[in-house]
Amino acid sequence: MATVTPTLTITSSDALVDTLSLSVNDSLEVLGQSQYGKKQTTASLAVLFASGSFNTSYVFLKNLSPSDISRGTDGIVVAFGSNEELALGPGEFAFFPWDGGTNLQVKHNGTGVAPFCEFAIFEF
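Residues numbered from 1 in each chain as written. Predicted model: local features only at pLDDT ≥ 70, side-chain atom pairs only at ≥ 80, totals over all residues. Heavy atoms only, no water.

## Concerning the pattern of salt bridges
Two side chains that carry opposite charge are able to pair once their charged atoms sit near each other.
Here is step 1 of the chain: Under the definition given, this model contains 1 salt bridge.
Here is step 2 of the chain: The partner of E84 in a salt bridge is K107, and the shortest N-O contact between them spans 3.1 Å. Highlighted residues: E84 in strand β9 (residues 83–88) and K107 in strand β11 (residues 104–108), separated in sequence by 23 residues. (Salt bridge = Lys/Arg side-chain N within 4 Å of Asp/Glu carboxyl O. Helix = DSSP H or I, 4+ residues; strand = E, 2+ residues; numbered from the N terminus.)

Below, the structure is given as structure tokens:
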């Protein structure tokens, strides 16, 4: 059985009234299939993971555009079914659970160069 250990650390000395120091990690058992890759986005929603192709999973997505590029020109929109739910600016990422019941799709939301979306999925 494989495991994945995601860790998120958020620190700041000046974003809030008090100093912020938050760290969360978990050990996730991968009980099914997993994949890793990169896909160039297009102007139309394109299926990254089809409904039913994975059971309940954790998904990692990252916009591989350089972080100094404008958010409005090289963004990635993430949709569950036809509902556009997330927007990832250049250099931004997301890690979330997905039930596998709808298509997980991505598209380029800007006018610049269509960014690549890095992805990983781990079925649990």
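Here the narrative resumes, following the displayed structure.
## Comments concerning the sheet that holds strand β6 (residues 46–49)
Here is step 1 of the chain: The 4 strands are arranged β6-β11-β8-β9 in an open sheet whose pairing can be described as antiparallel. For this open sheet the edge positions go to β6 and β9, each flanked by a neighbour on one side alone. For this sheet, the mean angle separating the axes of adjacent strands, direction not counted, is 35 degrees.
Here is step 2 of the chain: The pairing of strand β8 (residues 76–80) with β9 spans 5 bridges and is classified as antiparallel. By the bridge assignment for β9, V77 is matched with A87. (Pairing = 2+ DSSP bridges. Axes fitted to C-alpha atoms, helices over the stretch in contact; angles between N-to-C directions.)

## Structural notes on the layout of surface pockets
Here is step 1 of the chain: Of the volumes computed, that of the largest pocket is approximately 280 Å³.
Here is step 2 of the chain: Considering the residues around the largest pocket, the lining is formed by 13 residues, among which P6, T7, L8, F93 and F95 are closest to the centre.
Here is step 3 of the chain: Breaking the lining of the largest pocket down by element, the ones donating at least two residues are β2 (7–12), β3 (20–25), β7 (57–63) and β10 (93–98).
Here is step 4 of the chain: The class makeup of the residues in the lining of the largest pocket is 10 nonpolar, 2 polar and 1 charged. (1 Å grid on protein atoms, 1.4 Å probe; cavity = no way out; pocket = protein on both sides within 12 Å on 5 of 7 lines; lining within 4 Å. Points joined across faces, edges and corners; volume = space filled by probe spheres on them. Nonpolar A, V, L, I, M, F, W, Y, C, P; charged D, E, K, R; others polar.)

Remember, this is a structural readout, not a statement about activity or role.
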